[in-house]
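Topology and contacts: notes
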Amino acid sequence: MPFYHKLGKIPHKRHTIFKKPDGSLYYEELFGTIGFDGMSSNLYHEQRPTQVKEIGKRKDVAPKIAEANNIQSYRFRGFEVPPISDYLESRKTVLTNSDCSIILAAPKASTENYFYKNADADEMIFIHKGTGKLRTQFGNLNFKYGDYLIIPRGTIYKLNFKTEDNRFFIVESRRPIYTPKRYRNHFGQLLEHSPFCERDIRRPEELETHNEKGEFLIKIKKQDQLFDMLYATHPFDVVGYDGYNYPYAFSIHDFEPITGRIHQPPPVHQTFETDAFVVCSFCPRLYDYHPESIPAPYNHSNIDSDEVLYYVDGDFMSRNDIEAGHISLHPAGIPHGPHPGAAERSIGKTETEELAVMVDTFKPLKVTEEAMKIADGDYFKSWL
Ligand SMILES: [Fe+2]
């Protein structure tokens, strides 16, 4: 996150002697990105964070592709993805390209016997259902319905759930995830026209420091392999850190919609950006107030991006027969638009309760075998 955060105890100067009460040293780790050019944090550990004991089995978790060259619009019924106890087992990749993967997950049980680290990608986890706690070496973040959790690659984490009823919409991004540049000034401060501000960004608190030796399993995802790495020290042994690279939370309910006299284009809903895709939040808002405005969107050709909409809650005015948990995929190269009657139906409406998350990818998405299990194969004819 592009603003400074500090938690726990740190020495006055970087890269200087920092002593424990017994006179021995704490161990510093620079957690950085894009070589030494990107955001970084400096962490101070009780133990050296490098103590690998064993490299165990590996598992290939590369998504299995059903349609690599897709031109068909799809609807996927996301809530038909089955709940599974284990968090990693529950993650089902439905759409993917070389920049990102879109994943649905319905985990029932908290992560108990292992820690997880995604070394391939930043993760954006949107909480559709569930309440709990994200536990990391940077401290903990409580989450609930409507939260986006942004977890930078390399973060070691566990998830604790309050109940078994959890539903996540996840984007794994091989490109760093940022907030939109146009909403930040030269110094990184969020500007007055930004639809959210620093007060809406929740940073980690409640640093857990476990100074323990033993056997600690971290499942590390790298190059679509899940490696079992056994460490000799507890991964959450940080006494303090500071910097710019850490997980954070932002609630979709804190996004302040930008409205206008006539229909506003999707970029006004933009929440996150990468150089390979954008994420937009469609939130309850007042409709366009020109006396002759048509609140429903116009037909549009996304010539150079695939459009994925994940429907969260409320009434989806432009679509017939869309429910919470559904995903629509409108691929690049062909126009799409409101369903028959939706434009007419929208005239005179003053507000919407719709809540949805949109991901527009600049490279085409491949449709996976997991997606085909929950696909509506006739959706592409639904405009006839
Ligand atoms: Fe669209």
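Residues numbered from 1 in each chain as written. Predicted model: local features only at pLDDT ≥ 70, side-chain atom pairs only at ≥ 80, totals over all residues. Heavy atoms only, no water.

What follows covers the overall build of the protein chain. Assigned secondary structure in the protein chain consists of three helices and 31 strands. Computed over its C-alpha atoms, the radius of gyration of the protein chain comes to 22 Å, within 12% of the 21 Å expected for a compact globule of 384 residues. In terms of overall dimensions, the protein chain has a C-alpha envelope of 75 × 45 × 35 Å along the principal axes. The buried share of the protein chain, taken over its 384 residues, is 53%. Counting contacts in the protein chain only where the partners sit at least 6 residues apart, residues at least 24 apart contribute 76% of the total. Taken as a whole, the protein chain presents about 17,700 Å² of accessible surface, with 51% of it coming from carbon and sulfur. If you average the places of the 47 positive and of the 54 negative side-chain charges in the protein chain, the two averages end up 5 Å apart. (Helix = DSSP H or I, 4+ residues; strand = E, 2+ residues; numbered from the N terminus. Rg over C-alpha atoms; globule rule 2.2 N^0.38 Å. Buried < 20%, exposed > 50% of the residue type's maximum accessible area, 1.4 Å probe, protein only. Contact = heavy atoms within 4.5 Å. Areas by Shrake-Rupley, 256 points an atom, 1.4 Å probe, with all protein chains shown as cover. Lys, Arg positive; Asp, Glu negative; His and termini not counted. Charge placed at Lys NZ, Arg CZ, Asp CG, Glu CD.)

The positions UniProt marks with the feature "domain: Homogentisate 1,2-dioxygenase N-terminal" (unreviewed entry) are residues 59-251. For the annotated span residues 59-251, helix accounts for 2% and strand for 47% of the residues, and the straight-line distance between the end C-alpha atoms is 34 Å. (UniProt positions renumbered as here; feature names shortened; annotations may be inferred.)

Within the structure shown, the criterion is met by 20 aromatic pairs. Taking 5.4 Å as the distance between ring centres and 85° as the angle between the ring planes, the aromatic pair formed by Tyr 116 and Tyr 157 counts as edge-to-face. With a gap of 41 residues between them, Tyr 116 in strand β9 (residues 115-118) and Tyr 157 in strand β14 (residues 156-161) connect regions that are remote in the sequence. Take Tyr 116: its relative accessible area is 1%, and that puts it in the buried class. Among the residues examined, Tyr 157 registers a relative accessible area of 2% and is labelled buried. An angle of 5° between the planes, with centres 6.3 Å apart, marks the rings of Tyr 148 and Phe 250 as stacked. Separated by 102 residues along the polypeptide, Tyr 148 in strand β13 (residues 147-151) and Phe 250 in strand β20 (residues 248-251) bring together distant segments of the chain. A residue is classified by how much of its surface remains accessible, and Phe 250, at 2% relative accessible area, is buried. Put simply, the rings of Phe 126, Tyr 148, Phe 196, Phe 250, Phe 255 and Phe 272 touch in pairs and so form one group of aromatic residues. (Phe/Tyr/Trp six-rings, centres within 6.5 Å; stacked < 30°, edge-to-face > 60°.)

If you trace the seven strands from one edge of the open sheet to the other, you get β4-β18-β17-β9-β14-β11-β12, paired in mixed fashion. Here the strands that pair on one side only, and so sit at the sheet edges, are β4 (52-60) and β12 (139-143). With strand direction ignored, the average angle separating the axes of adjacent strands in the sheet is 25°. Sheet topology places strand β11 (residues 132-136) next to β12; five bridges connect them, and they run antiparallel. (Pairing = 2+ DSSP bridges. Axes fitted to C-alpha atoms, helices over the stretch in contact; angles between N-to-C directions.)

So, about the nonpolar core. Formed by 48 residues in total, the largest nonpolar core has its most connected members in Met 124, Phe 169 and Val 357. Discounting residues that sit within four places of it in the chain, Val 357 has contacts with Met 124, Phe 126, Tyr 148, Phe 169, Ile 252, Val 279, Cys 280, Val 308, Leu 309, Tyr 310 and Val 312. (Core = buried A, V, L, I, M, F, W, Y, C linked by side-chain atoms within 4.5 Å.)

So, about the environment of Gly 377. Secondary-structure assignment places Gly 377 in the segment after β31 (375-376). What makes Gly 377 partly exposed here is its relative accessible area of 38%. Considering only alpha carbons, one finds Gly 377 and Arg 75, 302 residues apart in sequence, at a separation of 7.6 Å.

What follows covers the coordination of the iron ion. Of the protein atoms, only His 300 (NE2), Glu 307 (OE), Glu 307 (OE) and His 336 (NE2) coordinate the iron ion, at distances of 2.0 to 2.6 Å. Coordination at the iron ion is irregular: its four donor atoms span angles of 54 to 160° at the metal. (Donors = N, O, S within 2.8 Å, 3.2 Å for Na, K, Ca; no water. Tetrahedral: all angles 85-135°; square planar, octahedral: opposite > 155°, others 65-115°.)

Alternating residues of β20 divide into Tyr 248 and Phe 250 and Ala 249 and Ser 251, and every residue in both groups is buried. Looking at chain direction, β13 and β20 are connected through four bridges and run antiparallel. Paired with Asp 147 across the strands is Ser 251, a residue of β20. Of the pairings in the sheet, the one linking strand β16 (residues 201-202) to β20 comprises two bridges and is antiparallel in character. Along β20, the bridge assignment pairs Ile 201 with Phe 250.

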